[in-house]
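A look at the structure
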Amino acid sequence: MAQQTTNLPLRTLGSQGLRAGAIGLGIMGMTIAYGTPDDQSSIATIRRAYELGVTLFDTAELYGLGTGSNEQLLGRAVKDFRDDILLATKFGYDFTDPAKFGIALDSRPKHIREVTENSLRHLGTDHIDVLYQHRVDPNVPIEDVAGTVAELIAEGKVRYFGLSEAGPGTIRRAHAVHPVSVLQTEYSVFERGVEADVLPVVRELGIGFVPYSPLGRGFLTDTVKPAAEYPADDMRSTDDRWQPRNYEKNLAAVRELTALAAGKDITVTQLALAWLLAQGDDIVPIPGTRSPQRLQENVAAAQATLTPQDLARIGKILPHGAAGSRYNEAILPNWQ
Ligand SMILES: NC(=O)c1ccc[n+]([C@@H]2O[C@H](COP(=O)([O-])OP(=O)(O)OC[C@H]3O[C@@H](n4cnc5c(N)ncnc54)[C@H](OP(=O)(O)O)[C@@H]3O)[C@@H](O)[C@H]2O)c1
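These remarks concern the structure in this document. Quick caveat, the model's predicted, so the values are computed rather than measured. (Residues numbered from 1 in each chain as written. Predicted model: local features only at pLDDT ≥ 70, side-chain atom pairs only at ≥ 80, totals over all residues. Heavy atoms only, no water.)

1. A look at the packing of helix α1 (residues 39-51) against helix α2 (residues 69-78)
- Interhelical geometry of α1 versus α2 gives an angle of 55° and a closest axis separation of 9 Å. As summarised for this structure, α1 and α2 are arranged oblique, according to the angle between their axes. For α1 against α2, the interelement crossing comes out right-handed. Here D39, S42, I43, I46 and R47 of α1 lie close against α2, whose contacting residues are L73, L74, R76, A77 and V78.
- Across the contact of α1 with α2, the residue classes tally to six nonpolar, one polar and three charged. (Axes fitted to C-alpha atoms, helices over the stretch in contact; angles between N-to-C directions. Helix = DSSP H or I, 4+ residues; strand = E, 2+ residues; numbered from the N terminus. Parallel < 35°, antiparallel > 145°, perpendicular 65-115°, else oblique. Left-handed = near helix turned anticlockwise from the far one by under 90°. Contact = heavy atoms within 4.5 Å. Nonpolar A, V, L, I, M, F, W, Y, C, P; charged D, E, K, R; others polar.)

Below you can see the structure in the form of structure tokens.
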């Protein structure tokens, strides 16, 4: 394993001492969502990330559809440097009915404990650095969820408590039981929903923010294609932003962003990540990739600087984010 050679700065997430390299790595696409997995390239990507100073690695029970495959892949890849990095995983789904994968929720305390034990085993570790509730479960009071994670922290099995796609009221209620260190929710130049009510609350409470899908699920790159050109098991084949009419509008915006990026000698992907980093020191995006080369490009975004004029220009190109909904109705989170 090569030594770390990095000038990736560290950022502080929340008020409980969590610190991470300014850009993390999302592991989801290594087993689901974006076409055929390639374990060898994925493991090389995780190891390259470590060498470049990435410390926050983001997985979930969901990304293995309850089998643990995504967590196992990550655990295998990091075993030589596990203590130098942060493993973040998530609970909150119910996998008993395959027809309801990704829809059925279960954050009952007993289930949280079971999933946590499974995650520890799959990751091959004795502690999880950040344990997130993946989706708010309307059938379980958030106080019970926070209380259960607090117990796991007291037992040394978990270090920091995170929420994902929680709304302002839920964040406040959870934080009152046990401090929330980090909120993870979709945020990018394509998706700005958190700016109105969510970011102000996490900032008021001193909670860090991890934007997921920071590249708009791959639209904010130079590799985008129309929906019909992706295989059926690639979520972009059905994603609303890729559908006719939305696709053309979004592509036109990405072309304008690409021209702006080219003038700064960076790629559009780096522009998208630099834009997120410029939204505050409390932000650590987690772009996903299965390629060591693309990973390197993404990490280098931390060296890019956007001027106030660049930020204003991006705001003009995409004043309200992308055309098309980020999720279909059945799984669109309902923030409360
Ligand atoms: N909490 C939640 O509910 C939630 C939901 C979704 C995602 N997440 C987390 O957020 C992470 C990132 O989100 P995401 O994977 O959905 O979307 P993303 O990071 O916005 O985009 C990932 C896509 O972009 C491509 N890509 C990455 N870097 C590239 C580059 N430099 N050039 C060209 N293409 C590039 C990847 O393809 P290649 O792999 O081929 O490079 C992949 O198809 C996930 O891995 C997961 O950990 C969390």
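There is more to say after this.
2. Regarding the sheet that holds strand β4 (residues 56-58)
- If you trace the seven strands from one edge of the open sheet to the other, you get β3-β4-β5-β6-β7-β8-β9, paired in parallel fashion. The open sheet has two free edges, formed respectively by β3 (25-26) and β9 (208-212), since each of these has just one partner strand.
- Pairing of strand β6 (residues 128-133) with strand β7 (residues 158-164) involves five bridges; the strand directions are parallel. Bridge pairing in β7 links Q133 to L163.
- On the sheet, helix α6 (residues 194-205) packs against β8 (182-186) and β9 and is oriented at approximately 170° with respect to β8. (Pairing = 2+ DSSP bridges.)

3. Here we look at the pairing of β9
- For β9, the buried fraction is high: five of the five residues fall into the buried class.
- Bridge count for β8 against β9 is five bridges, and the pairing is parallel. For V182, the partnering residue across the bridge sits in β9 and is G208.
- Taking the sense of rotation as the criterion, the β-α-β connection linking β8, α6 and β9 turns out right-handed. (Buried < 20%, exposed > 50% of the residue type's maximum accessible area, 1.4 Å probe, protein only. Right-handed = clockwise from strand over helix to strand, strands pointing away.)

4. A word on the site of the ligand
- Close to the ligand lie 31 residues; Y34, D58, L215, T289 and R294 are nearest.
- R294 places a polar side-chain atom, nitrogen or oxygen, 2.5 Å from an oxygen atom of the ligand.
- Isolated, the ligand exposes 900 Å² of accessible area, and the fraction of that covered by the protein chains is 96%.
- With three residues, helix α9 (residues 292-300) is the largest single contributor of residues to the shell around the ligand.
- In terms of residue class, the shell around the ligand is made up of ten nonpolar, 13 polar and eight charged. (Near = heavy atom within 4 Å. Polar contact = N/O pair within 3.5 Å; in protein donor to acceptor, adjacent residues only side chain to side chain. Areas by Shrake-Rupley, 256 points an atom, 1.4 Å probe, with all protein chains shown as cover.)

5. Some words on the nonpolar core
- With 86 residues, the main nonpolar core has L25, I46, F57, L163, I171, L183 and L257 as its most contacted residues.
- Looking at this core element by element, the count peaks at eight residues for helix α8 (residues 268-277).
- Residue contacts for L25: discarding those within four places in its chain leaves M30, T45, I46, A49, V54, L56, F57, D58, I286, P287, T289 and L295.
- Formed by 15 residues, the second largest nonpolar core is a distinct cluster that contains L86, V182, Y212 and I286. (Core = buried A, V, L, I, M, F, W, Y, C linked by side-chain atoms within 4.5 Å.)

6. Points about helix α5 (residues 168-177)
- Buried within α5 are the following residues: P168, T170, I171, A174 and H175. One side of α5 carries all its buried residues, which in axial view fall inside an arc of 160°.
- Here the buried face of α5 lies against α4 (142-154), β7, β8 and α6. (Arc of directions from axis to C-beta.)

7. Some points on the pairing of β8
- Most of β8 is tucked away, with five of its five residues classed as buried.
- Burial along β8 is two-sided: the face carrying V182, Q184 and E186 and the face carrying L183 and T185 are both buried.
- The pairing of β7 with β8 spans three bridges and is parallel. Each residue of the ladder has a partner; that of S164, found in β8, is Q184.
- Read as a crossover between parallel neighbours, the route from β7 over α5 to β8 is right-handed.

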